[in-house]
Amino acid sequence: ICNHSDREGRYRHRAQPGICKWNLTTLAEALDPIVDIEFSTNYVSQHFDDLYWDARNTKMGQKLGFLLTKPHTDADTHSPYAKTLAAQEDFRELST
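Residues numbered from 1 in each chain as written. Predicted model: local features only at pLDDT ≥ 70, side-chain atom pairs only at ≥ 80, totals over all residues. Heavy atoms only, no water.

K.L.:
Before we go on, may I ask you to explain helix H2 (residues 37-63) in this structure?
P.N.:
The α-helix advances 3.6 residues per turn, and as a result positions three or four apart in sequence lie on the same side. End to end, H2 covers 36 Å across 27 residues, agreeing with the expected 39 Å (1.5 Å per residue, within 8%). A maximum bend of about 50° is found in H2 at His-47. Among all positions of H2, only Ser-40, Val-44, Phe-48, Arg-56, Met-60 and Gly-61 are buried. Backbone geometry just after H2 places Gly-65 at a positive phi near 85°. (Helix = DSSP H or I, 4+ residues; strand = E, 2+ residues; numbered from the N terminus. Expected span 1.5 Å × (residues − 1). Bend = angle between axes of the 7 residues up to and from the residue. Buried < 20%, exposed > 50% of the residue type's maximum accessible area, 1.4 Å probe, protein only.)

K.L.:
What should I look at first to understand the packing of aromatic side chains in this one?
P.N.:
The relation between two aromatic rings is expressed through the spacing of the ring centres and the mutual angle of the planes. Following the criterion strictly, the structure yields 3 aromatic pairs and no others. Ring centres of Tyr-52 and Trp-53 lie 5.0 Å apart, and the angle between their planes is 85°; on these two criteria the pair is classed as edge-to-face. Of the residues examined, Tyr-52 reaches a relative accessible area of 22% and is grouped as partly exposed. Residue classification places Trp-53 among the partly exposed residues on the basis of a relative accessible area of 37%. Of the aromatic side chains, those joined through ring pairs into one cluster are Phe-48, Tyr-52 and Trp-53. (Phe/Tyr/Trp six-rings, centres within 6.5 Å; stacked < 30°, edge-to-face > 60°.)

The structure is reproduced here in structure tokens:
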């Protein structure tokens, strides 16, 4: 179901990682009295992308029925797994 009120595209599939990272940074700001903001924002900026994509690729691999849910190496962009995930992204983009 298309969200016609989202003219800026905030809720489109491709925007979700950035929105999630922004939400975590905002949470870190809110927790500043309890947790050092410099530590928490640095942690988010240094680790979020790897953690997000590892979790996403693992979940997508499980949904697609792969026994091994991520490539053997990060540089393995030509593996059947990586190609299938890329095709899934292309299909999702075409369907929106």
